[in-house]
Amino acid sequence: MTPSRSAALTASANRIVTGRSTLAWDELELLDLPPAAAVVVDDNHHAARAVWTAVQRGDGELLVVSRGRITPELVADLRRSGLAVVDGSDVLPPTTERDLVPGRIWLLTSGSTGRPKQVAHTLDSLTTVAGEQPPRTWLCPYAHGAYAWWQVVTLGLSLPEQHVLFVEPDELDTWPARALAAGVTAASGTPTFWRQAIYRDPEAVAALPLEQVTLGGEPVDQAILSRLREMFPDARVSWIYASSEAGATIAVHDGRAGFPHEWLDQEGSGRATLSIEDGELVIGSPKRGEGIDARLRTGDRVEVVDGRVAITGRIATDEINVGGAKASASAVRDVLQAHPAVAWASVRGRKAPIVGSMVTADVVLSGTATVAELTQWCTDRLPDYSVPRRIRFLDTIPIKETLKSDV
């Protein structure tokens with residue numbers, strides 16, 4: 001029995017709360033699954049049953065995928081990879097025969113740069129919190145089967161007194177009330193998730209007795225960290241850098257954006273090695289997925305400022321060429337979100353005559369500000385070519401099932 005599976009069995013009395021029920025893990029009804037299965041799930045109750053089935057069985061392979069991600073192309077890819085696709089009572093067998101790898105857990109990448117890819121893990125590589133932890137009830141708002149979802153699930157499976165309240169995608173407008181009723185004391189979400197919640201109902205969020213607040217999945221700026229520290233002065237506010245490929249590699253708990261420069265190029269047993277090459281974050285992670293390079297080029301742009309290494313955005317999308325000058329979309333976004341009247345901002349390039357591209361921004365206000373005021377705010381803090389030439393106000397903060405912005 002692997003260490004993580006053994007821990008899962010000892011933590012089987014932990015409570016999980018879904019829209020359907022409140023049960024302990026070991027009270028879940030098992031599914032009848034093929035040895036290597038990609039399970040299409042409609043909700044977190046269904047997903048939890050699939051996970052508990054895999055834990056109890058211990059000798060199969062599992063991939064959990066939300067119904068909203070299923071396409072004919074993805075189904076074909078899963079079957080070609082040797083997985084049977086299980087959708088309710090329908091089972092589509094794999095189209096490729098291969099040897100079973102007991103205990104393998106498959107994840108799908110976000111697919112933001114193309115078709116989703118499959119990354120193989122184990123319960124051990126997905127379990128990143130160890131040691132004695134205070135009793136907590138965790139909020140898990142992430143999409144079924146996503147890496148961040150597994151992070152909360154394995155925490156609930158591996159350590160005693162770590163209960164989980166699952167939130168479905170259609171409950172993102174009402175989760176604070178459910179969290180308060182369930183006694184949630186720890187919550188994890190993307191910066192967009194936290195911004196949306198605070199913008200929508202700050203009093204309901206502030207009423208939660210949170211002891212741990214975690215952010216990840218997107219670049220984390222100082223404005224949202226400071227806001228959460230003000231809202232929950234007695235909580236530990238953490239940001240986590242993780243991905244399906246690299247696993248969880250960076251955890252910062254000092255309430256400041258970025259991580260200390262001193263962490264670069266430091267090697268240690270069981271720790272990720274962090275380095276910068278040509279402005280890109282490179283990670284050597286002991287928690288990486290199967291077959292992932294020992295030194296993974298992440299595609300994330302980083303900058304070293306005042307002794308901190310800030311992860312600003314994706315290299316492929318962050319740079320906006322304005323007449324030969326390189327504007328950083330993430331830098332403009334952070335400046336806008338530092339304005340006291342801005343709840344959220346998104347920045348991109350737009351084609352323009354003569355200069356090729358110009359900087360534009362979508363903004364959601366939590367206070368009062370005009371386009372002219374925001375333009376001046378940016379002018380005072382950015383080079384001229386980075387100042388947005390078009391600012392559009394939105395009524396709500398857009399968010400996808402991934403808890404990231406949909407623009």
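This structure is a prediction, so every number in the text was calculated from the model and none was measured.

### Some details on the sheet that holds strand β24 (residues 390–393)
Argument step 1. Across the sheet, three strands lie side by side as β22-β23-β24; this open sheet has mixed pairing. Edge positions in the sheet fall to β22 (342–352) and β24, since each of these pairs with one other strand and no more. Neighbour-to-neighbour, the strand axes of this sheet turn through a mean angle of 25°, independent of strand direction.
Argument step 2. In the sheet, β22 pairs with strand β23 (residues 356–365) via 10 bridges, with the strands oriented antiparallel. Bridge pairing in β23 places G349 opposite V359.
Argument step 3. Contacts from helix α11 (residues 329–337) reach β22 and β23, with the element oriented near 145° to β22.

### Examining the pattern of salt bridges
Argument step 1. Evaluation of the coordinates by the stated rule reveals 24 salt bridges.
Argument step 2. Note that E277 is salt-bridged to R295, the shortest N-O span being 2.7 Å. Residue E277 is located in strand β16 (residues 273–277), and its partner R295 is located in the loop between β17 (280–284) and β18 (296–305); the two are separated by 18 residues in the primary sequence.
Argument step 3. As a salt-bridge pair, R297 and E277 come within 2.6 Å of each other at their nearest N and O atoms. Residue R297 is located in strand β18, and its partner E277 is located in strand β16; the two are separated by 20 residues in the primary sequence.
Argument step 4. The structure contains a network of salt bridges with shared partners spanning E61, R98, R104 and E290.

### Regarding unusual backbone geometry
Argument step 1. Despite not being glycine, E161 shows a phi value in the positive range, around 65°.
Argument step 2. As for its placement among the helices and strands, E161 is situated in the loop between α5 (147–158) and β10 (162–166).

### Remarks on the side chain of R195
Argument step 1. Mapped onto the secondary structure, R195 falls in helix α7 (residues 191–200).
Argument step 2. A polar contact is formed between the side chain of R195 and the backbone oxygen of A343, at a distance of 3.2 Å.
Argument step 3. In this view, R195 contacts D221, A223, I224, Q337, A343, W344 and I397; residues no more than four positions away in its chain are not counted.

Parameters and conventions
Residues numbered from 1 in each chain as written. Predicted model: local features only at pLDDT ≥ 70, side-chain atom pairs only at ≥ 80, totals over all residues. Heavy atoms only, no water. Pairing = 2+ DSSP bridges. Helix = DSSP H or I, 4+ residues; strand = E, 2+ residues; numbered from the N terminus. Axes fitted to C-alpha atoms, helices over the stretch in contact; angles between N-to-C directions. Contact = heavy atoms within 4.5 Å. Salt bridge = Lys/Arg side-chain N within 4 Å of Asp/Glu carboxyl O. Polar contact = N/O pair within 3.5 Å; in protein donor to acceptor, adjacent residues only side chain to side chain.

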